Amino acid sequence: MKNSISKLLILFCTIGAVSQTHYVSKKISTTGNEGWDYLAVDEINQHLFVSHGNSVNVIDLKDDKTISIIPNTNGVHGIAIANDLNKAFITDGKDNAVTIINLKTFDLIEKVVIQGQKPDAIMYDLFSHKVFTFNAKSKDATVLDATTNKVIKNIPLGGSPEFPASNLKGLIYINIEDTNEIKTIDATLLEVVNTWSISPGEEPSGLVLDKESNRLFSVCSNKLMMILDATTGKIIDKLPIGGGCDGVAFDPEKKLIYSSNGDGTITVVKEENANSFSVIETIPTQKGARTIAIDKTTHKLYLSSAAYGPKPEPTAENPKPRASIIPNSFVVLVIDTKLK
């Protein structure tokens, strides 16, 4: 009996010794006092693109220094990296335009005005070599030829699109926030081919796909992560997440899904297999850290946030006032892992 207990204790300690936990390893300070949205990692050049106000800060991840600021991206939201074309595509929400820059020099290649209104999320689809912008006000998607930078088509979506995901085989999935749906675009036909309800999930924002298990992970404002079969749209599972989520990231090697929550947490979900999922950790971050990017080569996560002043009292003119950002407090949080 004593030997059995000793073996169990040794096994427990061994498992505990190799298990990982996540933590904020550093905060990278950057200039500017305006709001922010998405981040994007250029894994090949090891650069982080951070939307901030009306510009994009480019951070060299080798030394965490800002090496460039891309100006005149008015109302910037999303950044899409196309390493094979040496381009980054940036949505300028206030200008109804896409800014295209050189990935190595950060020089402007072209600014393309689009028909869609208030472009927000953006994706470069390596399969089709097309860029898709998802336009909040006009509730559609604009498609650009990533090589020529020419607009090809506008695709009506029937609702306000949030973040997309690609299966790299010709299908693009998009969260539709105001209808609680996921729609699928055929990247060749350039039309919607599927519409799936994600109820009881509400107001979905971030979306990622595990291409190996064919599972979609959609994070919703009512504190749920909805997990769907990407072929049939069948809901496989739903899991609790933190409040105020906006983004989600997926680590295909570790089979971990990260929901970034504005309440100052990240919910970590483990995918055991295509039909088994569980919440394994809640990472403390910083209030307002709602958007997220992952570097799959280093397994590090990046989130933007800032410190806030007191929230103003509601008025008839502004019933939902926002707290002001404390000057010079904008940071990028770096989430790393360590052995217990």
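Up top you'll find the structure we're talking about.
Being a predicted model, the structure only gives us computed values, none of them experimental.

### Considering the sheet that holds strand 3 (residues 47-52)
Strand pairing in a sheet relies on backbone hydrogen bonds. The paired strands run either parallel or antiparallel. An order of 2-3-4-5 is seen for the four strands of this open sheet, with the pairing classed as antiparallel. What marks the edges here is a single partner per strand, and that holds for strand 2 (36-42) and strand 5 (65-70). Ignoring strand direction, the axes of neighbouring strands in this sheet form an average angle of 20 degrees. Direction of pairing for strand 3 relative to strand 4 (residues 55-60): antiparallel, over a ladder of six bridges. Across the sheet, the residue bridging to valine 50 is asparagine 57, located in strand 4.

### Examining the pairing of strand 21 (residues 235-240)
Note: strand 20 (residues 224-229) against strand 21, five bridges, orientation antiparallel. Bridge pairing in strand 21 places leucine 228 opposite isoleucine 235. Between strand 20 and strand 21, which pair antiparallel and follow one another directly, the connecting turn spans five residues, one of which, glycine 233, has a positive phi of 80 degrees.

### A look at the side chain of serine 259
With respect to the element layout, serine 259 can be found in strand 23 (residues 256-261). Here asparagine 261 takes part through its side chain, which lies 2.8 Å from a polar atom of the side chain of serine 259. What serine 259 contacts, discounting residues up to four positions off in sequence, is Val219, Met225, Ile241, Cys245, Gly247, Val248, Thr265, Ile266 and Thr267.

### Details of the nonpolar core
Phe132, Phe134, Ile155, Leu157, Ile172 and Ile185 are the most contacted members of the largest nonpolar core, which totals 15 residues. Contributions of two or more residues to this core are made by strand 10 (119-125), strand 11 (130-135), strand 12 (140-145) and strand 15 (171-176). At three residues, the largest contribution of residues to this core is made by strand 15. For phenylalanine 132, the residues in contact, after removing those within four places along its chain, are Ala121, Ile122, Met123, Asp125, Thr142, Val143, Ile172, Ile185, Ala187 and Leu190. In terms of nonpolar packing, the next biggest core, distinct from the first, is built from 14 residues, Ile28, Leu61, Ala293 and Val332 among them.

Rules of the game
- Residues numbered from 1 in each chain as written.
- Predicted model: local features only at pLDDT ≥ 70, side-chain atom pairs only at ≥ 80, totals over all residues.
- Heavy atoms only, no water.
- Pairing = 2+ DSSP bridges.
- Helix = DSSP H or I, 4+ residues; strand = E, 2+ residues; numbered from the N terminus.
- Axes fitted to C-alpha atoms, helices over the stretch in contact; angles between N-to-C directions.
- Polar contact = N/O pair within 3.5 Å; in protein donor to acceptor, adjacent residues only side chain to side chain.
- Contact = heavy atoms within 4.5 Å.
- Core = buried A, V, L, I, M, F, W, Y, C linked by side-chain atoms within 4.5 Å.
- Buried < 20%, exposed > 50% of the residue type's maximum accessible area, 1.4 Å probe, protein only.

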